[in-house]
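# Architecture and fold: a report
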Amino acid sequence: MATQVAKGGSSGGGGGSSGGGGGMEGKYCIVTGANSGIGFEVTRGLMQRGAHVVMACRNTAACEAAAERLRAEGLPGSCACRRLDLEDHSSIRAFAAQQADELAAAAAGPSAGGRSGAPHGRSQAAAGRGRIDVLVNNAGVMGVAPAPDGSDRHLTANHLGPYLLTRLLLPHMTAAPPLPSPAPACASAATAASTSAQANGSAAGSGDASGSSGKGEGAGAGDRAAGAGAGAGGGGGGRVVNVASRAHYGGRLALVTGPPGSEAIANDIRHWWWQYARSKLCNVLFTAELQRRYGAGGGGGKEGGGGAGGRYGITATAVSPGLVDTGIFRYLLPEWAQWLKAPLRPLGLFKTPAQGAEVVIYAASSPDLDVTSSLTPRGSAGGHTPLFLHGCREMQPSAAARDPRLAADLWRVSAALVGLPEEDAP
Ligand SMILES: NC(=O)c1ccc[n+]([C@@H]2O[C@H](COP(=O)([O-])OP(=O)(O)OC[C@H]3O[C@@H](n4cnc5c(N)ncnc54)[C@H](OP(=O)(O)O)[C@@H]3O)[C@@H](O)[C@H]2O)c1
């Protein structure tokens with residue numbers, strides 16, 4: 001089942017659009033794995049819309065080279081490289097601590113921001129509110145061999161690392177103000193926009209594209225007021241975009257949920273494809289539990305109880321970029337054999353990285369997904385935050401990905417495995 005979420009509006013998602021004014025001016029974004037593939041294009045798209053992007057990469061030389069390429073384009077936004085290895089918990093903790101320091105220094109003002117590594121100029125302005133607006137968990141691997149200790153690196157890099165990173169950064173994502181203006185919708189979604197909005201019967205979807213655009217601005221003002229009034233419990237938090245995949249439909253997950261200290265994710269899957277599928281299932285389950293615990297509009301803590309009750313107002317979405325021609329296949333095909341992909345290109349099977357980035361940029365920037373839409377219904381999804389988007393359309397994830405017990409258990413087990421308590425301190 002696919003439900004259109006994006007509404008009409010200007011095209012130019014992904015890396016293809018030009019110019020600024022995309023509603024992300026002054027926003028502070030973090031994109032993991034930003035030096036190549038989809039992450040690079042997401043960074044470009046967010047910079048085109050005026051954001052400051054922290055490019056969180058394990059290879060600092062590759063990151064700096066990518067950042068230089070983007071800076072040379074003269075985009076309205078800015079970027080900075082920071083080191084992050086998602087397979088190394090000490091690296092993740094160091095990255096999070098560095099972010100906290102830099103945000104605090106920037107919020108304290110330019111005089112405090114003069115220390116090494118603290119943001120300057122436009123990035124200082126974005127960091128100056130002391131808050132992270134968007135976290136894109138994009139980095140990932142596919143087809144890697146197990147680690148020397150036999151553990152599944154897909155699980156480590158694609159799920160446990162992003163889980164730890166997100167948990168550590170969530171306290172800095174509280175109550176960011178809603179986006180100031182409608183950002184360009186996904187190019188691939190703009191064409192079919194208003195019709196399926198009507199099909200979903202939302203209030204905002206009953207207008208045509210221009211009508212919804214006008215409505216969007218009015219609703220935006222209302223949302224800002226609502227967000228401001230609602231405080232931490234009523235929306236206005238930052239966004240978490242988890243780059244998942246349709247591969248999650250094949251994922252199976254077996255958890256050991258015994259007494260403290262015995263938690264584990266059963267390491268019983270041998271083939272890389274199923275390991276990858278499982279890690280992507282974890283991405284969707286993690287998103288679902290983020291919505292439940294930390295989302296203002298997603299039922300935060302009501303089902304099953306015990307959650308944080310939506311005190312952060314986080315908008316969390318899992319997205320699938322489709323089949324994209326990136327370097328992710330390098331673990332399966334060595335560099336010299338990459339030409340084997342060539343015969344597939346004319347068949348149109350692959351998206352370009354810029355096309356693959358569209359849904360990520362959409363989830364990161366479009367007001368259609370604002371959590372405050374639960375207060376002022378907007379977007380064809382009828383005011384709820386979609387769990388899983390493919391090609392800017394809401395798509396029903398697998399039954400396993402919609403299992404609330406599995407999502408809650410995965411959260412608990414993951415917390416134990418990365419050495420965090422199940423819940424943050426109030
Ligand atoms: N391409 C597709 O068809 C497709 C389809 C569905 C979903 N996806 C998802 O899209 C995301 C981006 O993949 P891509 O296709 O753009 O692949 P890519 O070009 O290989 O980019 C992956 C990025 O992740 C980084 N990364 C890998 N392991 C890391 C670690 N331990 N710590 C920090 N960074 C790490 C890589 O860094 P290095 O450069 O240092 O290796 C690289 O920057 C992944 O989550 C993938 O599962 C891709």
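Let me sum up the structure you'll find in this document.

The rules behind each value
- Residues numbered from 1 in each chain as written.
- Predicted model: local features only at pLDDT ≥ 70, side-chain atom pairs only at ≥ 80, totals over all residues.
- Heavy atoms only, no water.
- Helix = DSSP H or I, 4+ residues; strand = E, 2+ residues; numbered from the N terminus.
- Buried < 20%, exposed > 50% of the residue type's maximum accessible area, 1.4 Å probe, protein only.
- Phe/Tyr/Trp six-rings, centres within 6.5 Å; stacked < 30°, edge-to-face > 60°.
- Lys NZ or Arg CZ within 6 Å of the ring centre and 35° of its normal.
- Near = heavy atom within 4 Å.
- Polar contact = N/O pair within 3.5 Å; in protein donor to acceptor, adjacent residues only side chain to side chain.
- Areas by Shrake-Rupley, 256 points an atom, 1.4 Å probe, with all protein chains shown as cover.
- Domains from an automatic or database assignment.
- Axes fitted to C-alpha atoms, helices over the stretch in contact; angles between N-to-C directions.
- Left-handed = near helix turned anticlockwise from the far one by under 90°.
- Contact = heavy atoms within 4.5 Å.
- Nonpolar A, V, L, I, M, F, W, Y, C, P; charged D, E, K, R; others polar.
- Disulfide = S-S within 2.5 Å.
- Patch = residues over 30% accessible without salt bridge, like charges linked within 9 Å, V, L, I, M, F, W, Y side chains within 5 Å.
- Salt bridge = Lys/Arg side-chain N within 4 Å of Asp/Glu carboxyl O.

Here the phi dihedral of cysteine 392 falls at roughly 65°; this positive angle occurs in a residue that is not glycine. By the secondary structure assignment, cysteine 392 is in the loop between β10 (388–390) and β11 (393–395). On the basis of relative accessible area, cysteine 392 is assigned to the buried category, the value being 0%.

Considering all chains together, one arrives at eight aromatic pairs under this definition. Following the ring pairs from residue to residue traces out a cluster consisting of Tyr163, Phe286, Tyr294 and Trp411. It is arginine 69 that lies over the ring of phenylalanine 40; its NZ or CZ is 4.7 Å from the centre.

Before going further, it helps to spend a moment on the site of the ligand. What surrounds the ligand is a group of 30 residues, the closest being Asn138, Tyr276, Val324, Thr326 and Arg330. Between the ligand and glycine 33, the relevant distance is 3.4 Å, taken from an oxygen atom to a main-chain nitrogen or oxygen of the residue. Take threonine 326: an N or O atom from its side chain is 2.5 Å from an oxygen atom of the ligand. When the ligand is considered free in solution it has 900 Å² of accessible area, and contact with the protein chains removes 94% of it. Both of domain 1 (23–130) and domain 2 (144–150 + 174–418) provide at least three residues apiece to the shell around the ligand.

Here the focus is the packing of helix α1 (residues 37–48) against helix α2 (residues 60–72). Packing of α1 against α2 leaves a shortest axis separation of 11 Å and a crossing angle of 35°. Classified by chirality, the crossing of α2 by α1 is right-handed. Mapping the contact onto sequence places Phe40, Thr43, Arg44 and Met47 in α1 and Ala66, Arg69 and Leu70 in α2. Class assignment of the residues belonging to the contact of α1 with α2 gives a composition of four nonpolar, one polar and two charged.

To continue, consider the state of the cysteines. Under the criterion given, the structure shown has one disulfide. What pairs with cysteine 63 in a disulfide is cysteine 81, and their sulfur atoms sit 2.4 Å apart. Taking the sign of the torsion about the S-S bond as the criterion, the disulfide between cysteine 63 and cysteine 81, at about -100°, is left-handed. One end of the pair, cysteine 63, is in helix α2; the other, cysteine 81, is in strand β4 (residues 78–83), with 18 residues separating them in the sequence. A single burial state applies to cysteine 63 and to cysteine 81, both of which are buried. Unpaired in this structure, cysteine 57 has its nearest cysteine sulfur neighbour in cysteine 63, at a distance of 3.5 Å.

The next thing to look at is a nonpolar patch on the surface. Among the surface-exposed residues, Leu323, Leu347 and Leu349 lie close enough to one another that they form a single nonpolar patch of about 290 Å² accessible area. Relative to the helices and strands, leucine 347 is located in the loop between β9 (315–320) and α10 (353–365).

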